Amino acid sequence: IPALTIENLSKVYGNGFEALKGISLTVEEGDFYALLGPNGAGKSTTIGIICSLVAKSGGKVQVFDADIDKDFAAAKKYIGIVPQEFNFNTFERVIDIVVNQGGYYGMSRELAAERAEKYLQALGLWEKRLEPSRNLSGGMKRRLMIARALVHEPKLLILDEPTAGVDIEMRRAMWEFLEKINAEGTTIILTTHYLEEAEALCRHIGIINHGEIVENTSIRELLRRL
Ligand code: ADP
Ligand code: ADP
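Values in this document were obtained by computation on a predicted structure and should not be read as measured data.

1. Concerning the packing of helix H3 (residues 94–104) against helix H5 (residues 138–150)
Point 1. Packing of H3 against H5 leaves a shortest axis separation of 8 Å and a crossing angle of 30 degrees. It follows that H3 is roughly parallel to H5 by the angle criterion. Judged by the sense of rotation from one axis to the other, the crossing of H3 with H5 is right-handed. Seen from H3, the contacting residues are Val 94, Ile 97, Val 98 and Gln 101; seen from H5, they are Leu 144, Ala 147 and Arg 148.
Point 2. Across the contact of H3 with H5, the residue classes break down as five nonpolar, one polar and one charged.

Have a look at this one:
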């Protein structure tokens, strides 16, 4: 059973703009998948719908065995989301941001604290745990969002433009971390507008443009054809 199945997904925004024109794609469990496309292509809209943050206009989305319409709670547990924009309370301490996220998934405080330590350590943020998040640099905030997304150890990690505005060195460290998480069994989907990033990390790639999937293939096959 695939980690993600999208069938004929469409989105028309309130102003009549057709952001997704019936896209279909499948991401197998264990895959590292890039949704690649220029700004405005429909990447964030797609991610928003998968995470039930944006209402779809038509089509079907299934995360493992959970249909996002019929089984929202199960779908939510399967997914960890790293949004493009920082969306935490900037006065809250780093450690609390991660631990409190565990509560959102019904985890015990004890387990959430254990996981918070594990991921803040892994992402080089443990020394910053008692600081309010507003004291962190841009790159650190992004890593904090990754730690927060992993607290319930989701089977599917989705990142929206994780390295946008992140410098090269930081980007490589982040890539290494994601590769490790993927090697340990987490399916990863990220959106990017850098082919280079998709190429460095991902096994499969969907290219989206003007709300349509124009290519859906393996990186190897794509490079062979270029
Ligand atoms: P990407 O993530 O690939 O940059 P988005 O999914 O954010 O693309 O946006 C796809 C298109 O939908 C863009 O043209 C964008 O301007 C439009 N769009 C996004 N959000 C809204 C909205 N709330 N209302 C109207 N149009 C929107
Ligand atoms: P910036 O101030 O440019 O945003 P950061 O403060 O985020 O950079 O990065 C501080 C240090 O942490 C850097 O030396 C970087 O190499 C390291 N680092 C970045 N990402 C990771 C990661 N995923 N795991 C461990 N260390 C990292």
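Text resumes after the structure shown.
2. Structural notes on the site of ligand 1
Point 1. As a structural note, the neighbourhood of ligand 1 is formed by Tyr 13, Asn 15, Phe 17, Ala 19, Pro 38, Asn 39, Gly 40, Ala 41, Gly 42, Lys 43, Ser 44 and Thr 45.
Point 2. Within the contact set of ligand 1, an oxygen atom lies 3.1 Å away from a backbone nitrogen or oxygen of Ala 41.
Point 3. Isolated, ligand 1 exposes 560 Å² of accessible area, and the fraction of that covered by the protein chains is 63%.
Point 4. The leading source of residues in the shell around ligand 1 is helix H1 (residues 43–50), at three residues.
Point 5. For the shell around ligand 1, the per-class residue count stands at five nonpolar, six polar and one charged.

3. Re the confidence of the model for the protein chain
Point 1. When pLDDT is averaged across the protein chain, the result is 94; 100% of the residues are at 70 or more.
Point 2. Two numbers describe this predicted complex: its pTM, 0.88, and its ipTM, 0.73.

4. Quick look at the site of ligand 2
Point 1. Taken together, the residues surrounding ligand 2 are Ala 122, Leu 123, Ser 137, Gly 139, Met 140, Arg 143, Asp 167, Met 170, Ala 173 and Phe 177.
Point 2. In this structure, an oxygen atom belonging to ligand 2 sits 2.6 Å away from a side-chain N or O atom of Arg 143.
Point 3. The separation between an oxygen atom of ligand 2 and a polar side-chain atom of Asp 167 is 2.9 Å.
Point 4. For ligand 2, whose accessible area on its own is 560 Å², the fraction buried by protein is 62%.
Point 5. The set of elements that each furnish at least two residues to the shell around ligand 2 consists of H5 and helix H6 (168–183).
Point 6. Grouping the constituent residues of the shell around ligand 2 by class yields six nonpolar, two polar and two charged.

What counts and how
Every chain's residues receive numbers from 1 upward, in the order its sequence appears when written. Ligands are numbered from 1 and chains lettered from A, in the order in which they are written. Under the rules for a predicted model, residues below a pLDDT of 70 receive no local features and side-chain atom pairs below 80 are neither given nor counted, while totals for whole chains, interfaces and linings still include all residues. Computation of side-chain values covers all heavy atoms of the structure but excludes hydrogens and water. Here the axes come from fitting lines to C-alpha atoms, over the contacting stretch only for helices, and the angles between their N-to-C directions go from 0 to 180 degrees. The helix count covers DSSP runs of H or I at least four residues long, the strand count covers runs of E at least two residues long, and both are numbered beginning at the N terminus. In what follows, roughly perpendicular refers to angles from 65 to 115 degrees, roughly parallel to angles under 35, roughly antiparallel to angles over 145, and oblique to any angle outside these ranges. Crossing handedness is read from the near helix: turned anticlockwise from the far helix by less than a right angle, it gives a left-handed crossing, and turned clockwise, a right-handed one. Note on contacts: a residue pair qualifies if any of its non-hydrogen atoms lie within 4.5 Å across the two residues. Residue polarity follows a fixed list, in which Ala, Val, Leu, Ile, Met, Phe, Trp, Tyr, Cys and Pro are nonpolar, Asp, Glu, Lys and Arg are charged, and the others, Gly among them, are polar. Summary of the distance rule: residues count as near a molecule or strand when at least one heavy atom falls within 4 Å of that molecule or strand. Two N or O atoms form a polar contact when they lie within 3.5 Å of each other; inside protein one atom must be a possible hydrogen donor and the other a possible acceptor, and for residues adjacent in sequence the pair counts only when both atoms belong to side chains. The method behind every accessible area is Shrake-Rupley, applied with a 1.4 Å probe, and residues are considered shielded solely by the protein chains displayed. Within a predicted model, pLDDT stands for the predictor's per-residue confidence, ranging from 0 to 100.

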